[in-house]
Every structure is written in structure tokens, then in C-alpha cells.
Amino acid sequence: MSEASVSSPEPQPAAPAAEVRDVEVPAVEVRGVDKIFTGKKKATVTALEEIELTVAPGEFVSLIGPSGCGKSTLLRLIADLDTPSTGTITVFGKTARQARIDQEYGIAFQQAGLLPWRTVTANIELPLELHGVGSAARKARSAELLALVGLSDFADNYPDQLSGGMQQRVAIARSLAESPRLLLMDEPFGALDEMTRERMQTELVRICAETGAAVVFVTHSIPEAVYLSNRVVVMSPRPGRIRDILTVSLGSASERGEQLRENEAFFENVSKVRELLHGEAPVGIRGVETR
Amino acid sequence: MTPTPARTSNSRAPRGNATLTRIGFGIGGILLLVVVWELYKALGPATGVMIGDLTILPRTTDLAMPHVWDMIGRLFEDGGTGRNAVPVWLAVLRASVFSLGVAAVGWVVGVVVGLALAVLMQRFRTAESAVLPWIILSQTVPLIAIAPLVRRWGSQIEFGDFSWENWMSVAVIASYLAFFPVSIGALRGLNSPDTIHVELFRSYGIGWWKTLFTLRFPASVPYLLPALRLAAANAVIGTVVAEVSIGLRGGIGRMIIEYAQQASGDPAKTWAPIFGAVAIGLVAAGFIALLGVLLRRYRRGESPA
Ligand SMILES: Nc1ncnc2c1ncn2[C@@H]1O[C@H](COP(=O)(O)OP(=O)(O)OP(=O)(O)O)[C@@H](O)[C@H]1O
Ligand SMILES: [Mg+2]
């Protein structure tokens, strides 16, 4: 898809948008959320504790932390696939439940989760079809999205005829089908090899710039989090808490290219996230401008 | 007993050369059976093979084991006098079509009931724990025991122009055997979608009914097809046996008994309705195979194991 056909307003550079954000309704607002799972024999697991997080419209926020620290749980709470034990979650000013019913977000999981009996096109059109969009409009939209993820040649293939990376791209196209203002992604590139992964990251940055969507992105990879995000949320396990939030200022989405990975500031941020993850309390990280 | 998707791979829609190979093997199998039959008849002892008092191989007399060509030849001779003065094959064909019709009605009713139960059990956990034991228990009741009951209850049903007929009792018994594999297989199939798919539909804000038709039913096809095949086999067996125990005329079950009574004078004729019963089974199996081809889109996820 060419840059010219982008329908959203011009991609907002991250920095100047900051002032506007304060008056805007946040994309996601998590206030004092705990999540306690009660297992068999009354055993409880505190998956999340006192989570406070605000995601501005158009902002890219990554959740990173060791396995079991509650990243997926937090994402599922925002998606209203589960409910918090205490606290509130609002999405564009609505309750999480209302936001789900109003289709305010698109979601992509670690597995592609395509329906095996549907072609690539039919899989991408699934949410549109379920919500009663006419077939002509569906066709136009799926063609557009296929071009966006570079799979136009595979429109009529079935998922089992695609590689894992291609399936994942179809899943991402599907999550974008209804042009959501918020994307929730749980390790969507987890199953991909390093090369495909980097290409997908670049594509995702471009897609977000083109659509202006806010993203909450769960990942295990520090460079991935730094490369993609405006802010990186570092979490700690048992109980799952937010340890720190690092603002990454690597320029607006549209300015980020492959060369960024070689950039000095990029490495600086990577090592900051690493230090935060490993639990040392680096002095004065918070709020320090990194440029 | 529980059907699994893996089973269907045996009957996966064949293509091109594979089809020819399969047909070849099928014909080869039948020829082999004929050869073994005739060889044993020619070489085996007339009194059969015994260990102690136990007969382990049958007598080879014409009475016990007619020649294959006699059985086939008999098909083209008249079945008897008067009303029966038609070639045996025609009589068998008529009886087979009749029984197949009754079995088909029983199969359809069984499939509908089985699916309804499976949907109910999928929807309500409590229904599963309340109904499933009864479903399993129902299959332990011997057919001979329920046949007279069904007939008696049926004969009390009468309203308006409708009156219960014996063939309906037979169809009910066929459906009684057919619904079981369907309900079990369909329940597994309806519960088979991955969590990720179920949550995806939830994230789309789609309700249970729409999820049932767009996700659960398509996903259940690999489980449903072997269940439907079992149900078809059960319906055919149930029909033939119930025809005998209820005493329904016109079907293959009754014909088997009638011809068997003439066995001493006409041994080859006994086999004619048995061929008919086999033919019914083949038609039923063919129908399910056709269904499998029509639904092949929904079987892509099947494991090749
Ligand atoms: N449905 C559940 N029932 C009980 N406990 C659960 C459930 N889901 C998650 N948990 C627990 O909550 C904690 C956080 O799980 P979660 O899946 O959110 O971790 P995660 O950060 O996504 O881990 P990973 O990086 O391995 O995906 C874990 O200790 C897990 O055991
Ligand atoms: Mg997770």
C-alpha cells in the first residue's frame, strides 16, 4: 500500500502530541488493578498487584518482564477476556466490557489462531463478516490489508499452506480489519525467527504510523520493546507489579528505520531496560531524557 | 467407542491414482474371500474341523457352504410361486430399499437427537453431568428388551389422521442406536475449538449461538464424520434386528428369517438377503463418504496420523 492512500490524519510525531494527550481521553486507563486467581483447594495466585497505567491514543507501550509476571493477564484484563479482582480499567473512557462490545480494540495472540477451514481472505474478513459488513466492502478491505502485510499472492490459500510467519501476518491483518484505535498484542512475533521478526517489527511500526493506533504490546525481547515503543513498562513477578516505566525517545514512528538498530541511543535504552529487568535500581533513570 | 478425528484419515477423500489403488484393493479383497471359501470347501473335511466337541471351522457340505456361483445364480431365479414369483434379486432389492428407507429415517432422527443433546451438554455444564451418564447407560439396554416396549407405546399414539405404524417403531429403535455415537462425537467436536478461537470470538462480542454456527460446528466436523459413520452402521443393524423382533414385513430382516427357514431345501437362497444387508451397509457408508467429500473444507485441520 502506498503512503498516499492512508486515510488517517497525518502520522502524529510522538513528542508534539504530548500536550494534546492531556485533554484527550486516554486509550487505556488502568487504575489500582489487582488480579488474584483462586485455584483448587483455595490456593491463590496474585498475578497482578496495584497496577497503574495510562496509554495515550496513538502511543506504543510495551510490557516486558520475566515469565509469569502477569503480562498476558494484564492484556487479557484490558481486552475484557477476564475481569480484575479490584480496580478499574477503562478503554477510550468506556468500561472494558463496553469497549469490547463496541469493538474498540483489535487483538493478536502468540499463536496466529486462524480458522483452518477459511482462506486467508476469509480469515481476515472474519470480524467484518461477523459484524455484518457487506461483501463488497469486506473484499475491498481485505485486499487492502493483504497488500499491507505483503500477502496479496496468497489471498486464496488456506492457513496450513502458509509458513508460521505468514500466518502471523494474516493474524495481524485480521486484528487491523476494523481499523481499531487500539491494538492488543501478546508476543505476536514470539514464534518467528530473528530475521522475520525484525522485518515484522519494521512493518508494525509502519502500520501503526499509518493507522495512528495505540498499541499495548507484550514481549520477552528487550531490543524489540525498545525498537517499537514510546514507553517500555518493566514488570516484576510474584506478585506482578510495574517496576518502572521507561520513556524511549527514538523519534517518531515514521523516522524509525532499520538503521535505528545500530544507533547509539538504541543501545543505551536497551541496557537501561536490561538493568531495570535485572532488578538493580539504576540511579536517576526515571524521567531522564535520553538523547 | 469415542470417535476421533484420526479415524477419518482412513477414509480421506481419495484422489487420482489413490482411488484406483483403493478400488483395486477392494476388488482384490472380495476375490480373495471367494478363493478362500471355495478352496476350503474343496479341500476341507465334510464334517468340519473340530477340537474336542467344539466346531471351529464349518462343514463343507453344500447345505452349510453353497458354492459362490450357486449363491449368485440363485439370485436370478424366481423366489417362489404366486406372490413370490419374481427373481430373487428383485425381491432382495425391494426389501433392501425398504429397510434402507427405514434405517435412513432412524439415522436422521438419531442424528438430530444426538446433535441436540450435544449442543445442550456443550451449553450447560450441569446438563453434561446430568445427561451424559444416562446416554451411556441407555446403550446397555438390550435391543430385544426395548423392541416390544416401543411397539406397545407406539400403538397407543393416535391423533387425527395419524396412527402409529410398525415401521415407525423400527425407525425409533434404529435412531436409539444411532444417536449415541453422534451425541458423544459431537460433544467432543463442539468442545474442540482452541481457547484462542473462543476468546477471539468473545473479543468480537459474538454471542453463543453465532459462535456455535461459525466456530463450533465447523470445528466439530472432523469428530462428527466418524460419529455419523458409526451412527449409519448402527442404524442399519438396528433396523434389520428390530424388523425381526417387531415382526415388520417387507424388509431385509424378515427376509433373512423367511429364507433361512427354507435353507434345508434351498441353501443358496439363504445368502441372498445377506448380500442385500451388505449392500445396504455399503450404500450407507458411501453416503457418509460423500458427506465427507462435501465437507472436506472443514477437515483441513485433521492430523494425518
Ligand atoms: N487462568 C488462570 N488461573 C490461575 N492462575 C493463572 C491463570 N492465568 C494466569 N495465572 C497465573 O498468573 C501468573 C501470571 O500469568 P501470565 O500468563 O499473565 O504471565 P506472563 O507474564 O504472560 O508470562 P509469560 O511471559 O510466560 O507469558 C502466573 O503465575 C500464572 O500461573
Ligand atoms: Mg504470557
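Cut-off values and rules
- Residues numbered from 1 in each chain as written.
- Chains lettered and ligands numbered in written order.
- Predicted model: local features only at pLDDT ≥ 70, side-chain atom pairs only at ≥ 80, totals over all residues.
- Heavy atoms only, no water.
- Helix = DSSP H or I, 4+ residues; strand = E, 2+ residues; numbered from the N terminus.
- Expected span 1.5 Å × (residues − 1).
- Buried < 20%, exposed > 50% of the residue type's maximum accessible area, 1.4 Å probe, protein only.
- Arc of directions from axis to C-beta.
- Contact = heavy atoms within 4.5 Å.
- Pairing = 2+ DSSP bridges.
- Axes fitted to C-alpha atoms, helices over the stretch in contact; angles between N-to-C directions.
- Core = buried A, V, L, I, M, F, W, Y, C linked by side-chain atoms within 4.5 Å.
- UniProt positions renumbered as here; feature names shortened; annotations may be inferred.

A closer look at helix H9 (residues 264-277) of chain A
Residue and element names in this part refer to chain A.
Phase 1: Along its 14 residues, H9 runs 20 Å from first to last C-alpha, staying within 8% of the 20 Å computed at 1.5 Å per residue.
Phase 2: Within the sequence span of H9, burial applies to Ala265, Phe266, Asn269, Val270, Lys272, Val273 and Leu276. Looking straight down H9, one finds that the buried residues subtend no more than 160 degrees of arc, so they occupy a single side.
Phase 3: On the buried face of H9, the contacting elements are strand S3 (60-64), helix H8 (222-228), strand S9 (231-236) and strand S10 (241-247).

Description of the sheet that holds S3(A)
Residues and elements named next belong to chain A.
Phase 1: Strand order in the open sheet made by the six strands is S6-S7-S8-S3-S9-S10, with mixed pairing throughout. Of all the strands in the sheet, the pair left with one neighbour each is strand S6 (105-108) and S10. Between one strand axis and the next, the sheet turns through 15 degrees on average, direction left out of account.
Phase 2: Against the sheet, H9 engages S3, S9 and S10, with an angle of about 165 degrees to S10.

Focus on the nonpolar core
Residues and elements named next belong to chain A.
Phase 1: Ranked by internal contacts, the top residues of the largest apolar core, which has 47 residues, are Leu204, Phe217 and Val273.
Phase 2: The element that contributes the greatest number of residues to this core is helix H6 (residues 164-176), accounting for six residues.
Phase 3: Each residue touching valine 273, except ones within four places of it in the same chain, is listed here: Ile64, Ile222, Val226, Val232, Val234 and Leu246.
Phase 4: If you look at the next biggest cluster of nonpolar residues, it comprises 44 residues, including Val55, Leu63, Leu77 and Phe109.

A word on the UniProt feature "transmembrane region" (unreviewed entry) in chain B
All names here are of chain B.
Phase 1: Annotation from UniProt places "transmembrane region" (unreviewed entry) at residues 20-40, 97-119, 131-150, 170-187 and 274-295.
Phase 2: Taken end to end, residues 170-187 is 100% helix and 0% strand, and its two terminal C-alpha atoms sit 26 Å from one another.
Phase 3: Summarising residues 274-295: 95% helix, 0% strand, and an end-to-end C-alpha distance of 32 Å.

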